[in-house]
Amino acid sequence: KPDHIAIEEFTYALPEERIAKHPMEGRDKSKLLLYRNKTIESTLFRNVSEILNNNDQLFFNTTRVIQARLFFRKESGALIEIFILRPENPSDYQQAFSSTTAVEFVCMVGNAKKWKEGSLSLETGDITLKASLLKKENEKYIIRFEWNKAMTSFAEILDELGQTPIP
């Protein structure tokens with residue numbers, strides 16, 4: 001559960017230029033770490049067929065990163081970042097992301113001191129997303145999200161308006 005993560009355990013120096021922000025053009029040129037005979041080797045993903053044996057199993061991770069970062073601009077010009085952590089109402093992930101009506105999520109809020117009350121709006125094309133601050137619990141916030149596009153799921157709203165979290 002995100003509430004029990006000690007962020008200090010994951011803090012380390014990572015230069016900006018070492019962060020992959022987009023997939024490689026030639027994805028088979030991606031690096032592949034190979035652990036064999038208690039040693040780690042570096043190779044390229046294109047060599048995977050030479051590495052695998054007949055009895056090996058290959059598992060594909062088909063999960064997607066949720067575009068859970070939303071950037072709102074207040075009328076004053078202040079930028080507020082909302083990072084979605086987990087659903088609150090409905091509390092089930094599938095129900096929350098497939099919902100076509102308002103949802104509530106536990107979130108982290110960047111620049112929260114500039115957002116004391118009221119709602120924020122984010123617009124693009126024919127979609128308007130409204131975020132309302134319901135309550136604060138320690139450093140987590142319960143935020144209600146509503147949108148104007150009927151029959152559009154919250155997952156579709158995030159795909160359209162959200163941004164991918166970068167480490």
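Residues numbered from 1 in each chain as written. Predicted model: local features only at pLDDT ≥ 70, side-chain atom pairs only at ≥ 80, totals over all residues. Heavy atoms only, no water.

(A) Structural context of the environment of Glu 146. Tracing the backbone through its elements, the reader meets Glu 146 in strand S8 (residues 140-147). The exposure class of Glu 146 is partly exposed, given its relative accessible area of 29%. For the pair Glu 146 and Glu 104, spaced 42 residues apart in the sequence, the C-alpha separation amounts to 9.0 Å. With residues up to four places along the chain from it excluded, the contact list for Glu 146 reads Ala 102, Thr 128, Leu 129, Lys 130 and Ser 132. (Helix = DSSP H or I, 4+ residues; strand = E, 2+ residues; numbered from the N terminus. Buried < 20%, exposed > 50% of the residue type's maximum accessible area, 1.4 Å probe, protein only. Contact = heavy atoms within 4.5 Å.)

(B) Structural detail: the sheet that holds S8. The strand order across the open sheet built from six strands is S3-S4-S5-S8-S7-S6, with neighbouring strands paired in antiparallel fashion. Looking at which strands have only one partner, the edges of the open sheet turn out to be strand S3 (69-73) and strand S6 (119-124). Within this sheet the neighbouring strands show an average axis-to-axis angle of 40°, counted without direction. Two elements, strand S4 (residues 79-89) and strand S5 (residues 103-110), share seven bridges in a ladder whose sense is antiparallel. Paired with Ile 84 across the bridge in S5 is Cys 107. Strand contacts of helix H3 (residues 154-161): S3, S4, S5, S6, strand S7 (127-137) and S8, with the helix running at about 105° to S7, the strand carrying the most contacts. (Pairing = 2+ DSSP bridges. Axes fitted to C-alpha atoms, helices over the stretch in contact; angles between N-to-C directions.)

(C) Just the environment of Tyr 12, in detail. On the secondary structure map, Tyr 12 appears in the segment before strand S1 (31-36). In sequence terms Tyr 12 and Pro 23 are 11 residues apart; their C-alpha atoms lie 23 Å from each other.

Without other data, these values stay purely geometric and don't point to any function.
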